[in-house]
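A look at the structure
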Amino acid sequence: MSLMALREQLNGLVNSMFLEGLLDDQFEQLQMLQDESSPGFIAELITLFCGDSERILAELTKLLDQAVVDYQKVDAFVHQLKGSSSSVGAQHVKLACVQFRQFCEEHNKEGCLRALNVVKHEYYLLRGKFDTMLQLEQRIQAYESKQQI
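Now for a look at the structure at hand.

What counts, and at which threshold
- Residues numbered from 1 in each chain as written.
- Predicted model: local features only at pLDDT ≥ 70, side-chain atom pairs only at ≥ 80, totals over all residues.
- Heavy atoms only, no water.
- Core = buried A, V, L, I, M, F, W, Y, C linked by side-chain atoms within 4.5 Å.
- Buried < 20%, exposed > 50% of the residue type's maximum accessible area, 1.4 Å probe, protein only.
- Helix = DSSP H or I, 4+ residues; strand = E, 2+ residues; numbered from the N terminus.
- Contact = heavy atoms within 4.5 Å.
- Salt bridge = Lys/Arg side-chain N within 4 Å of Asp/Glu carboxyl O.

Soluble globular proteins: nonpolar side chains tend toward being buried together. Among the nonpolar cores identified, the biggest contains 44 residues, and V74, F100, L126, F130 and M133 are the most heavily contacted of them. Among the elements of the structure, α1 (3-19), α2 (25-33), α3 (41-65), α4 (71-88), α5 (91-105) and α6 (109-148) are those that each provide at least two residues to this core. Apart from the residues lying within four places of it in its own chain, the contact partners of F100 are L60, L64, V74, V78, C112, A115, L116 and V119.

Here is the structure:
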């Protein structure tokens, strides 16, 4: 596949993520910060976001599996996930966290469990697309490196 075709595929993926509402303007702002001096900036942010999100989702699952739920801790983790989602422009994850926090405030365990499933669904959908994005970026960088030799 040519470099131009890889770039078109990457741009199409990112554009579809915007159209689906998975990403918002914050991601676009982050893209503007990536340049020749920091070609892996977006990849690094995505990797950090996904690592943090996986850790938080595991903690939330453990907390909600308890017989007596510590809603303050649950809310703190959801708040953290909402913040990091907002920082990378993960709009659907952020919006799902808003609903999740409402259930925390109400001390509604069933609502929290349903909200956790929604957050996980939105996160894994996004992560799958982020994985594809990172693979395309790696292929583009490899292709560009070959051309410089």
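Read on for the rest.
A full pass over the atoms with the stated rule returns 7 salt bridges. Salt-bridge contacts for E20 lead to K129; the nearest nitrogen and oxygen are separated by 3.0 Å. Here K129 lies in helix α6 and E20 lies in the loop between α1 and α2, a separation of 109 residues in the sequence. The class of E20 is partly exposed, set by a relative accessible area of 38%. A salt bridge links R101 to D75, with the shortest nitrogen-to-oxygen separation between them at 2.8 Å. Here R101 is found in helix α5, whereas its partner D75 is found in helix α4, with 26 residues between them in sequence. Neither R101 nor D75 differs from the other in exposure class; each is buried.

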